Amino acid sequence: MRLEASPLPRRKTTRVLDVLLTLWVASWIAIGVLAGNELRELRSLSETVVGAGTALDQTGRALETIGEVPLVGEGPGELGRRVREEAAEVQAAGRSSSESIRNLGLLLGLAIAVIPATPVLGFYLPLRLRRAREAGALAERLATGGLDPD
């Protein structure tokens, strides 16, 4: 008596599919990590903005000092105060953007890694585990003599 073709894929086909899907998931995880890290590297731009704000603040202080000289007048002092106010805003914006870039890098990296892997992990993995259990049960029945090999 000859059995019909099995509804289960052959072992070699299953292994090839396992390897391909594992590479798929690993590739997207790697791409997600790289994208997140690259985006987070933009934080150096925010640090540059904070540094520019610090230099601007020092310039404002120098102008305020010049404004204290009796014959110069209040013009440089007033300009120095305005420059220092703007410098504080520039520094705050630089710090805020640094935090936003860090968060965006994390979220984008996770999204790139998780979204393409979800169908594989959500659909294929449970089917693959069920197939492995069925194959193990069949092998056990064959080994214990509970099933005729023909």
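Refer to the structure printed above.
Calculation notes
Residues numbered from 1 in each chain as written. Predicted model: local features only at pLDDT ≥ 70, side-chain atom pairs only at ≥ 80, totals over all residues. Heavy atoms only, no water. Phe/Tyr/Trp six-rings, centres within 6.5 Å; stacked < 30°, edge-to-face > 60°. Helix = DSSP H or I, 4+ residues; strand = E, 2+ residues; numbered from the N terminus. Buried < 20%, exposed > 50% of the residue type's maximum accessible area, 1.4 Å probe, protein only. Expected span 1.5 Å × (residues − 1). Contact = heavy atoms within 4.5 Å. Salt bridge = Lys/Arg side-chain N within 4 Å of Asp/Glu carboxyl O. Patch = residues over 30% accessible without salt bridge, like charges linked within 9 Å, V, L, I, M, F, W, Y side chains within 5 Å. Areas by Shrake-Rupley, 256 points an atom, 1.4 Å probe, with all protein chains shown as cover. Bend = angle between axes of the 7 residues up to and from the residue.

Chemist: Can you lay out the packing of aromatic side chains for me, pointing to particular residues and giving the numbers?
Modeler: A full pass over the atoms with the stated rule returns one aromatic pair. A ring pair is formed by W24 and W28, whose centres lie 5.7 Å apart and whose planes are at 65 degrees; its orientation type is edge-to-face. Taken together, the residues span about one helical turn, with W24 and W28 both in helix α1 (residues 11–40) at a distance of four residues. Judged by relative accessible area, which is 27%, W28 ranks as partly exposed.

Chemist: With reference to specific residues and values, describe α1.
Modeler: Between its first and last C-alpha, α1 extends 43 Å over 30 residues, near the 44 Å set by a 1.5 Å rise per residue. All buried positions along α1 are accounted for by T14, D18, L21, V25, G32, G36 and L39. Looking at the buried residues of α1, the elements they touch are α2 (43–67) and α3 (75–144).

Chemist: I'd like a description of the pattern of salt bridges, backed by residues and values.
Modeler: Counted by the stated rule, this structure contains seven salt bridges. Among the ionic pairs, R81 bridges to E78, the shortest N-O distance being 3.2 Å. A residue pair is termed a helical-turn pair when its members lie 3 or 4 positions apart in one helix, as R81 and E78 do in helix α3 at three residues. With relative accessibility at 37%, the residue R81 sits in the partly exposed group. Overall, E78 belongs to the partly exposed group, its relative accessible area being 37%. Between R102 and E99 there is a salt bridge, with its nearest N and O atoms 2.8 Å apart.

Chemist: Summarise a nonpolar patch on the surface; cite the residues concerned and give the values.
Modeler: On the surface, V16, V19, L20 and L23 cluster together to form a nonpolar patch covering roughly 360 Å² of accessible area. Mapping L23 onto the fold places it in helix α1.

Chemist: Any details on α3? Residues and values, ideally.
Modeler: Its 70 residues give α3 an end-to-end C-alpha distance of 99 Å, which sits within 8% of 104 Å, the value for a rise of 1.5 Å per residue. The largest bend along α3 measures about 45 degrees and falls at A117, with the proline P119 one to four residues further on. G145, located one to two residues past α3, shows a positive phi value of around 85 degrees.

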